[in-house]
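Each chain is listed here by its residues.
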Amino acid sequence: MFGQIYQADLKPYRDELVITTKAGFHMWPGPYGQMSSRKTLMTALDNSLKRMGLDYVDIFYSHRFDPDTNLEETAMALDDLVRSGKTLYVGISNYDNAQTQEIIKYFHDFHTPFVVNQLSYNMLNREVEEDGVLDTLKTNNVATVAYGPLAEGLLTNRYLGGIPEDFQIHWSSTAVMDQGRSALTQKLNQLNEIAQNRDQTMAQMALAWLLKDDVVASVVTGASKVSHLEDNLKAVQNTTFTTDELDQIEKILHA
Ligand SMILES: NC(=O)c1ccc[n+]([C@@H]2O[C@H](COP(=O)([O-])OP(=O)(O)OC[C@H]3O[C@@H](n4cnc5c(N)ncnc54)[C@H](OP(=O)(O)O)[C@@H]3O)[C@@H](O)[C@H]2O)c1
């Protein structure tokens, strides 16, 4: 789909765009259609470039840590893809702190242009802070791109009246629901009050809260309505928080 849109509308702007793609979750049948072996990564990027009609991407990600492939093989395959001109930079996604630290050693050895670990991160899901992976990224002067920044829409004005029983949360954020629906709804309403005081919608404040920190290079927000995208884009107009606002937010989240 992106290939079609790129060819029809975006092609003249290629030099202004950062285009990224990933490999690691299931893409084709058989053992090489997923994970992070050399064969999988190389084949996946070739296929992706063909589908999009591109010569190169800006960032190519290993979408998940592969317990059955030596990490050096994954790092070397990513590095070779840079040398072959198919990607300018490399990234990883869903690698925890220990896995990130280990692969960074290989990237240093190979002088690989490694820039990002894409992680599940939002106000309600702080696992990447607790695990130490954010600190590791800061120490190495690289960044994260936060996915699921609105916690499947919980951090918008959509569930202020309650969270339906059939609400589904992504596997990376399931702990968010542990506190129970009614306690969570109460917190969402308290957060919404702070957002209103900042002249932001809840979604804008949730995105701004992530972007306030330099270690968050970007956020991947999912929206299927143009109005939602327009709402979310305004988040960048105010990414500064007072200490008081940050304290109030922490108090609500940890109550
Ligand atoms: N690296 C990984 O392993 C990984 C894993 C999961 C996802 N991702 C990436 O992250 C992206 C975002 O994930 P996500 O969809 O879970 O993100 P999200 O941005 O946290 O949540 C999206 C949900 O929020 C709703 N929403 C967005 N803006 C809104 C607004 N202004 N007002 C009300 N509702 C709003 C959307 O509804 P509507 O659809 O109605 O607009 C959708 O239901 C995905 O597209 C994917 O590319 C990466």
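Just above sits the structure.
The structure reproduced in this document is the subject of the present report. These figures come from a predicted structure and were not determined experimentally.

## Here we look at the side chain of Asn192
Tracing the chain through its elements places Asn192 in helix 7 (residues 181-197). Leaving out residues up to four positions away in the same chain, Asn192 has contacts with Leu160 and Met202.

## Things to note about the pattern of salt bridges
This model, assessed by the stated rule, comprises eight salt bridges. Note that Asp46 is salt-bridged to Lys86, the shortest N-O span being 2.9 Å. Residue Asp46 is located in helix 2 (residues 38-52), and its partner Lys86 is located in the loop between helix 3 (71-83) and strand 3 (87-93); the two are separated by 40 residues in the primary sequence. The exposure class of Asp46 is partly exposed, given its relative accessible area of 30%. Classification of Lys86 as partly exposed rests on a relative accessible area of 26%. Between Glu250 and Arg126 there is a salt bridge, with its nearest N and O atoms 3.1 Å apart. In this pair, Glu250 sits in helix 10 (residues 243-254) while Arg126 sits in the loop between strand 4 (114-120) and helix 5 (127-131), placing the two residues 124 residues apart along the sequence. Judged by relative accessible area, Glu250 falls into the partly exposed class, the value being 24%. Beyond isolated ion pairs, a larger network of salt bridges with shared partners links Arg126, Glu129 and Glu250.

## Brief notes about the sheet that holds strand 3
If you walk across this open sheet you meet the six strands as 1-2-3-4-5-6, and the pairing is parallel. Of all strands in the sheet, those bounded by a partner on one side alone are strand 1 (20-23) and strand 6 (216-220). Adjacent strand axes in the sheet meet at a mean angle of 25°, parallel and antiparallel pairs treated alike. With five bridges connecting them, strand 2 (residues 57-62) and strand 3 associate as parallel partners. Across the sheet, the residue bridging to Tyr61 is Gly91, located in strand 3. Against the sheet, helix 2 engages strand 1, strand 2 and strand 3, with an angle of about 140° to strand 2.

## Observations regarding the environment of Asp55
Structurally, Asp55 can be placed in the loop between helix 2 and strand 2. Setting aside residues up to four positions removed in sequence, Asp55 forms contacts with Leu49, Gly85 and Lys86.

## Thoughts on a negative patch on the surface
Residues Asp96, Glu127, Glu130 and Asp131 make up a contiguous surface patch of negative charge. Accessibility expressed as a relative area gives 48% for Glu127, which makes it partly exposed.

## Concerning unusual backbone geometry
Positive phi values are uncommon outside glycine, yet His111 reaches one of about 60°. For Glu152, which is not glycine, the phi dihedral falls at a positive 60°. In this fold, Glu152 is placed in the loop between strand 5 (143-147) and helix 7.

## Observations concerning the pairing of strand 4
The element strand 4 is extensively covered by neighbouring structure, given that six of its seven residues are classed as buried. Where strand 3 lies against strand 4, four bridges are found, and the strand directions are parallel. Of the residues in strand 4, the one forming a bridge with Ile92 is Asn117. The pairing of strand 4 with strand 5 spans five bridges and is classified as parallel. Across the sheet, residue Gln118 finds its bridge partner in strand 5, namely Val145.

Calculation rules
Residues numbered from 1 in each chain as written. Predicted model: local features only at pLDDT ≥ 70, side-chain atom pairs only at ≥ 80, totals over all residues. Heavy atoms only, no water. Helix = DSSP H or I, 4+ residues; strand = E, 2+ residues; numbered from the N terminus. Contact = heavy atoms within 4.5 Å. Salt bridge = Lys/Arg side-chain N within 4 Å of Asp/Glu carboxyl O. Buried < 20%, exposed > 50% of the residue type's maximum accessible area, 1.4 Å probe, protein only. Pairing = 2+ DSSP bridges. Axes fitted to C-alpha atoms, helices over the stretch in contact; angles between N-to-C directions. Patch = residues over 30% accessible without salt bridge, like charges linked within 9 Å, V, L, I, M, F, W, Y side chains within 5 Å. Areas by Shrake-Rupley, 256 points an atom, 1.4 Å probe, with all protein chains shown as cover. Lys, Arg positive; Asp, Glu negative; His and termini not counted. Charge placed at Lys NZ, Arg CZ, Asp CG, Glu CD.

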